[in-house]
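Summary of structural features
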Amino acid sequence: AQSVTQLDSQVPVFEEAPVELRCNYSSSVSVYLFWYVQYPNQGLQLLLKYLSGSTLVESINGFEAEFNKSQTSFHLRKPSVHISDTAEYFCAVSEQGGSYIPTFGRGTSLIVHP
Amino acid sequence: GAVVSQHPSRVICKSGTSVKIECRSLDFQATTMFWYRQFPKQSLMLMATSNEGSKATYEQGVEKDKFLINHASLTLSTLTVTSAHPEDSSFYICSAREAGLGGNTEAFFGQGTRLTVV
């Protein structure tokens, strides 16, 4: 079975500063990795995903994440955040060849201050 | 991306009554839908996997008779909270994966339903 650890429950940052949200996973098989964003009282929206190929994946709104197999990590980064990036971010993993049901981390609340 | 519509977005009901939440895939067919429950400031807890045309698969600790799931078509799954109690108050989210595709696709999520039992 797989598991996901998001070490930071809350990350406060000032606008235009860089940010990194950490995600580590555990699995005995190869995995697919996802980052989702959730705004208050809304469902989850996919931010980006790693399936195969290049270990660096990017989203359309400036976020990127890098799959590091040796460190079993998939940290999310953005070089300059906006107020509108304030939201809850969930890292998720699903095992290749398994049930494909994603397992979610507990989430990291990104709070961007002006 | 694909759209999953969840209805209602908010519902308040009296203790002891039942509430039905709908989850529809609008532009794709989903043989499998997932129902999650989310407590404040916490992650999503998978409640059950809804399979079109067959019985749902419930996670350990989830009461089947309390949370009735019906997946009658490839585009609709419903979750009925029966005899609701205040402790059932929560945020319920459904998600769906497109039929015929494997795990290398993301699950699309509905916007969630905030249930408050008074």
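The paragraphs below set out a description of the structure included in this document. Just so it is clear, the model here is predicted, and its values are computed rather than measured. (Residues numbered from 1 in each chain as written. Chains lettered and ligands numbered in written order. Predicted model: local features only at pLDDT ≥ 70, side-chain atom pairs only at ≥ 80, totals over all residues. Heavy atoms only, no water.)

Remarks on the overall build of chain B
Quick note on the threshold: A run of H or I in DSSP counts as a helix once it spans at least four residues, and a run of E counts as a strand once it spans at least two, with each numbered from the N terminus. What the globule rule says is 2.2 Å times the number of residues to the power 0.38, and the radius of gyration is computed from C-alpha atoms. For every residue, the accessible area obtained with a 1.4 Å probe (protein chains only) is divided by the maximum for its type, and the residue is called buried under 20%, exposed over 50%, and partly exposed between those limits. Residues count as neighbours in contact if any of their non-hydrogen atoms are within 4.5 Å of one another.
Looking only at helices and strands, chain B features zero helices and 11 strands. The helix and strand sequence of chain B, counted from the amino end, reads β-β-β-β-β-β-β-β-β-β-β. Taking 118 residues into account, the globule formula puts the C-alpha radius of gyration at 13 Å, and chain B, at 14 Å, falls close to it. The principal-axis extent of the C-alpha atoms belonging to chain B is close to 40 × 25 × 25 Å. Taken over 118 residues, chain B has a buried fraction of 51%. Of the contacts formed within chain B by residues at least 6 apart in sequence, a portion of 55% connects residues at least 24 apart.

Looking at the state of the cysteines
Here is the rule: The disulfide criterion is simple: two cysteine sulfur atoms within 2.5 Å.
For the structure shown, the criterion picks out two disulfides over all chains. There is a disulfide in this structure between A:Cys23 and A:Cys91, and the S-S distance comes to 2.0 Å. Judged by the sign of its S-S torsion, about -65°, the bond between A:Cys23 and A:Cys91 is left-handed. One end of the pair, A:Cys23, is in the loop between β3 (19–21) and β4 (24–26); the other, A:Cys91, is in strand β10 (residues 87–95), with 68 residues separating them in the sequence. Given the relative accessible area of 0%, A:Cys23 is considered buried. According to the relative accessible area criterion, A:Cys91 is buried, its value standing at 0%. What pairs with B:Cys23 in a disulfide is B:Cys94, and their sulfur atoms sit 2.0 Å apart. Disulfide B:Cys23-B:Cys94: the torsion about the S-S bond is 80°, which places it as right-handed. Placement of B:Cys23 in strand β3 (residues 19–25) and of B:Cys94 in strand β9 (residues 90–97) is noted, with a sequence separation of 71 residues between them. The residues B:Cys23 and B:Cys94 share a single accessibility class, namely buried. You can see B:Cys13 has no disulfide; the closest cysteine sulfur is in B:Cys94, sitting 18 Å from it.

Quick notes on the pairing of strand β6 (residues 44–50) of chain A
Rules: Each pair of strands is called paired provided DSSP finds at least two bridges between the two strands.
Strand direction decides the pairing type here: strand β5 (residues 31–38) of chain A and β6(A), joined by six bridges, are antiparallel. Residue pairing in the sheet places A:Phe34 in a bridge with A:Lys49 of β6(A).

Examining the interface of chain A and chain B
Stated precisely, the cut-off is as follows: A 1.4 Å probe defines the accessible area here, and the buried area is the portion of it lost by two parts on being joined, summed over both. One side-chain nitrogen of Lys or Arg within 4 Å of one carboxyl oxygen of Asp or Glu is enough to make a salt bridge. Pairs of N or O atoms within 3.5 Å make up the polar contacts considered here, provided that, within protein, one atom can donate a hydrogen while the other can accept it, and that residues adjacent in sequence are counted only when both atoms are side-chain atoms. Residue polarity follows a fixed list, in which Ala, Val, Leu, Ile, Met, Phe, Trp, Tyr, Cys and Pro are nonpolar, Asp, Glu, Lys and Arg are charged, and the others, Gly among them, are polar.
Taken together, the contact between chain A and chain B spans 19 residues of the former and 23 residues of the latter. The contact between chain A and chain B buries some 1,600 Å² in all, and 57% of this surface belongs to carbon and sulfur atoms. Put simply, chain A and chain B have zero salt bridges between them. At the surface where chain A touches chain B, the tally comes to three residue pairs in polar contact (both at pLDDT 80 or more). If you list the elements that add at least two residues to the side of chain A that touches chain B, you get β5, β6 and β10 of chain A. No other element matches β5(A), which puts four residues into the side of chain A that touches chain B. Here the residues of the side of chain A that touches chain B sort into 11 nonpolar, six polar and two charged.

Re the side chain of A:Gln2
All names here are of chain A. Topologically, glutamine 2 is positioned in the segment before β1 (3–5). Polar side-chain contacts of glutamine 2 include one of 3.4 Å to the backbone oxygen of valine 93. Polar contacts involving the side chain of glutamine 2 include one to the side chain of threonine 103, which spans 3.2 Å. Among all residues touching glutamine 2, those that are not within four sequence positions of it are Ser26, Ser27, Val93, Ser94, Glu95, Ile101 and Thr103.

Re the sheet that holds strand β1 (residues 4–7) of chain B
All names here are of chain B. Quick note on the threshold: Axis definition: a line fit to C-alpha positions, over the contact stretch in the case of helices; interaxial angles, taken between N-to-C directions, run 0 to 180 degrees.
In spatial order, the strands read β1-β3-β8-β7; together these four strands make up an open sheet with antiparallel pairing. Single-partner strands in this sheet number two, and they are β1 and β7 (67–73). Averaged over all pairs of adjacent strands, the angle between strand axes in this sheet comes to 15°, irrespective of strand direction. Judged from the five bridges that link them, β7 and strand β8 (residues 76–81) form a sheet pairing that is antiparallel. What sits directly across from serine 73, in β8, is leucine 76.

Take it as geometry only, folks, not as evidence of what the structure does.
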